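What follows is each chain in one-letter form.
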Amino acid sequence: MTTVRPYAIGDKNACLALFDSNVPDFFDPTERHLFVDFLDQPAGPFFCIEQDGQIVGCGGFARAARGQALFTWGMVNQARHGDGLGRLLTEHRLQEIVRAGDYTEAELSTTPRVSTFFEKFGFVETGREKDGFAPGMDKVLMIKPL
């Protein structure tokens, strides 16, 4: 059975294992300390995908500077990419953002390799930063009107 539930501090090590499974293809190892700090005090609602008692994905959102919803730290165990878990996580976050009733747009930053995934949900590219995450890892900025 697959469920999406709120993150609890006891999920921290499982979420860090998700991060580690995605290095270096989707995250740079230098970003890990930022994720550790985030997990100690998430900036907004954060969720875990649990399947058969294991955390297989996580991600959330927070209020950004302009008041829009900003996706935070979304990831799925790399061995499970292609299983529909990323879709489940993205749809859940968008539903929660709409349910909150405070937002007119959702924004995210990702890599060029992942940006086409988010285009399927109506996100459009608004800019790129060369080496925005780390050397050799560009940042793609995307937004979706709600």
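What you see as residue numbers is a count from 1 along each chain, following the sequence as written. Only residues with pLDDT of at least 70 are given local features in this predicted model, and only at 80 or more are side-chain atom pairs given and counted; all residues enter the totals for whole chains, interfaces and linings. Hydrogens are left out, water is left out, and the side-chain values use all remaining heavy atoms of the structure.

Draft legend 1. The arrangement of the sheet that holds strand β6 (residues 124-134) in detail. With mixed pairing, the seven strands of this open sheet are ordered in space as β1-β2-β3-β4-β5-β7-β6. The open sheet terminates on both sides in strands that have one partner only, identified here as β1 (2-6) and β6. Taking each pair of neighbouring strands and ignoring which way they run, the sheet shows an average axis angle of 25°. Of the strand pairs in this sheet, β1 and strand β2 (residues 46-51) are connected by five bridges, and their pairing is antiparallel. The partner of Arg5 across the bridge, within β2, is Cys48. Any two strands with at least two DSSP bridges between them are considered paired. The secondary structure listing takes helices from DSSP runs of H or I that are at least 4 residues long and strands from runs of E that are at least 2 residues long, numbered from the N terminus. Angles shown run from 0 to 180 degrees and are taken between the N-to-C directions of axes, each axis being a line fitted to C-alpha atoms and, for helices, limited to the stretch in contact.

Draft legend 2. Region of the structure containing the environment of Ser109. Residue position: Ser109 is located in strand β5 (residues 105-110). The spatial distance from the C-alpha of Ser109 to the C-alpha of Val140 is 5.4 Å, given a sequence separation of 31 residues. Apart from the residues lying within four places of it in its own chain, the contact partners of Ser109 are Phe133, Lys139, Val140 and Leu141. Whether two residues are in contact is decided by their heavy atoms: any pair within 4.5 Å suffices.

Draft legend 3. How the structure looks around the pairing of strand β7 (residues 137-145). Judged from the six bridges that link them, β5 and β7 form a sheet pairing that is antiparallel. Paired with Leu108 across the bridge in β7 is Met142. Both β6 and β7 contribute to a ladder of six bridges, which runs antiparallel. Bridge pairing in β7 places Gly127 opposite Leu141.

Draft legend 4. Focus on helix α3 (residues 85-100). Between the first and last residue of a helix there are one fewer steps than residues, each counted as 1.5 Å, and that sum is the expected span. With 16 residues, α3 should reach 22 Å at 1.5 Å per residue; the first-to-last C-alpha distance of 22 Å fits that figure. Once α3 ends, the next one or two residues include Gly101, with phi positive near 75°.

Draft legend 5. Main features of the pairing of strand β4 (residues 69-76). Think of it in three bands: with a 1.4 Å probe and only protein chains considered, a residue is buried below 20% of the maximum accessible area for its type, exposed above 50%, and partly exposed in between. When you tally the buried positions in β4, you get six out of eight residues, the bulk of the element. Pairing of strand β3 (residues 54-63) with β4, which is carried by six bridges, proceeds in the antiparallel orientation. The residue bridging Gly57 from the neighbouring strand is Val76, located in β4. Hairpin connection of β3 to β4: five residues between the antiparallel strands, including Gly67 at a positive phi of 95°. Where β4 lies against β5, two bridges are found, and the strand directions are parallel. Directly across from Ala69, in β5, lies its bridge partner Ala106. A right-handed crossover is one whose linking path, passing over the helix from the first strand to the second, runs clockwise when the strands point away from the viewer. On the question of chirality, the crossover connecting β4 to the parallel β5 by way of α3 is right-handed.

In short, geometric facts, not functional conclusions.
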